[in-house]
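# Commentary on secondary and tertiary structure
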Amino acid sequence: SAVLALRHFAGSEELRGLALSYLEKNVLGPQGHEATRALIEFGEIAWPTLERVVAESADELARQRAIGGFAEQLGQRATPEALTLLLEHYRPPFSGSAARGAGILSAFGDAKSERTLLKALASSKTSAPTRALIVTALAARPGKAVREALVKALGADDPEVVVAAVQALEVRGEGFEA
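Residues numbered from 1 in each chain as written. Predicted model: local features only at pLDDT ≥ 70, side-chain atom pairs only at ≥ 80, totals over all residues. Heavy atoms only, no water.

### Some points on empty space enclosed by the protein
Tallied over the entire structure, the rule returns 1 cavity of 30 Å³ or more. The element that contributes the greatest number of residues to the lining of the largest cavity is helix H8 (residues 98–106), accounting for 3 residues. Class assignment for the residues of the lining of the largest cavity results in 5 nonpolar, 1 polar and no charged. (1 Å grid on protein atoms, 1.4 Å probe; cavity = no way out; pocket = protein on both sides within 12 Å on 5 of 7 lines; lining within 4 Å. Points joined across faces, edges and corners; volume = space filled by probe spheres on them. Helix = DSSP H or I, 4+ residues; strand = E, 2+ residues; numbered from the N terminus. Nonpolar A, V, L, I, M, F, W, Y, C, P; charged D, E, K, R; others polar.)

Structure follows, in structure tokens:
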């Protein structure tokens, strides 16, 4: 589409501003998907608009794509609000890969973030893909509570979570022997 093609102007000093202005106006409209995908190509300069998409868009897919455009920045912020945004909206493959998401979540290393991750993992309201990301992110963390949560994840209803739990326990050196 013409809107998506505007991503090619990210490298043009002359046209970048015009393209950004147009995309920002259309990001919450009917061409929101294409505008969001194009904005991601603009990098840091587009982060405020991508944050607006996450906060204001009624379109969950647009929010998932938008958060992928500045997920690392959220990981660097490492605030409770940033963690909440990631847990609510980061969805592979639309936001990025599962490995990328788990890596970003693992950057939230403080005790409060760990409690938030463990609470989200235990919640039935948390989607299976998000629980799998959390399990992967927690794999290398020490502690009894983390280990217990990973073992409990082995009994999850969703195979994606179970596989992530098996892999996480193997990372911890607690693999299973036949």
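### Looking at the environment of Glu60
Take Glu60: it is sitting in helix H5 (residues 60–68). Judged by relative accessible area, Glu60 falls into the partly exposed class, the value being 26%. Sequence spacing of Glu60 and Ala19 is 41 residues, and the spatial spacing of their C-alpha atoms is 24 Å. A polar atom in the side chain of Glu60 sits 3.4 Å from the side chain of His89. (Buried < 20%, exposed > 50% of the residue type's maximum accessible area, 1.4 Å probe, protein only. Polar contact = N/O pair within 3.5 Å; in protein donor to acceptor, adjacent residues only side chain to side chain.)

### Observations regarding the packing of helix H7 (residues 80–89) against helix H9 (residues 111–122)
Closest axis-to-axis distance for the H7/H9 pair is 10 Å, and the angle between their directions is 25°. The orientation of H7 relative to H9 falls into the category roughly parallel. Considering how the two elements wind past one another, H7 and H9 form a crossing that is right-handed. Residues Pro80, Leu83 and Leu87 of H7 form the contact with H9, whose participating residues are Lys112, Ser113, Thr116, Leu117 and Ala120. Across the contact of H7 with H9, the residue classes break down as 5 nonpolar, 2 polar and 1 charged. (Axes fitted to C-alpha atoms, helices over the stretch in contact; angles between N-to-C directions. Parallel < 35°, antiparallel > 145°, perpendicular 65-115°, else oblique. Left-handed = near helix turned anticlockwise from the far one by under 90°. Contact = heavy atoms within 4.5 Å.)

### Remarks on the layout of surface pockets
Considering only enclosed or pocket space, the largest pocket measures out at about 310 Å³ in volume. Among the secondary structure elements, those contributing two or more residues to the lining of the largest pocket are H9 and helix H11 (144–153). When residues of the lining of the largest pocket are assigned to their parent elements, the largest contribution, 5 residues, is made by H11. Of the residues that constitute the lining of the largest pocket, the class distribution is 8 nonpolar, 2 polar and 4 charged. Every residue lining the second largest pocket is listed: Leu87, Glu88, Arg91, Thr116, Lys119, Ala120, Ser123, Lys125, Thr126, Ser127 and Thr130. Those elements that place two or more of their residues in the lining of the second largest pocket are H7 and H9. Here the lining of the second largest pocket is built from residues that sort into 2 nonpolar, 5 polar and 4 charged.

### Here we look at the pattern of salt bridges
According to the stated counting rule, one finds 9 salt bridges in the structure shown. A salt bridge links Arg16 to Glu13; the shortest N-O distance between them is 3.4 Å. Remark: Glu13 and Arg16 occur in helix H2 (residues 13–26); sequence separation between them is 3 residues, near one turn of the helix. For Arg16, a relative accessible area of 21% puts it in the partly exposed group. Ionic pairing is found between Glu72 and Arg100, a salt bridge with its closest N-O pair at 2.6 Å. Of this pair, Glu72 sits in helix H6 (residues 71–77) while Arg100 sits in helix H8; the two residues are 28 residues apart in sequence, bridging distant segments of the chain. (Salt bridge = Lys/Arg side-chain N within 4 Å of Asp/Glu carboxyl O.)

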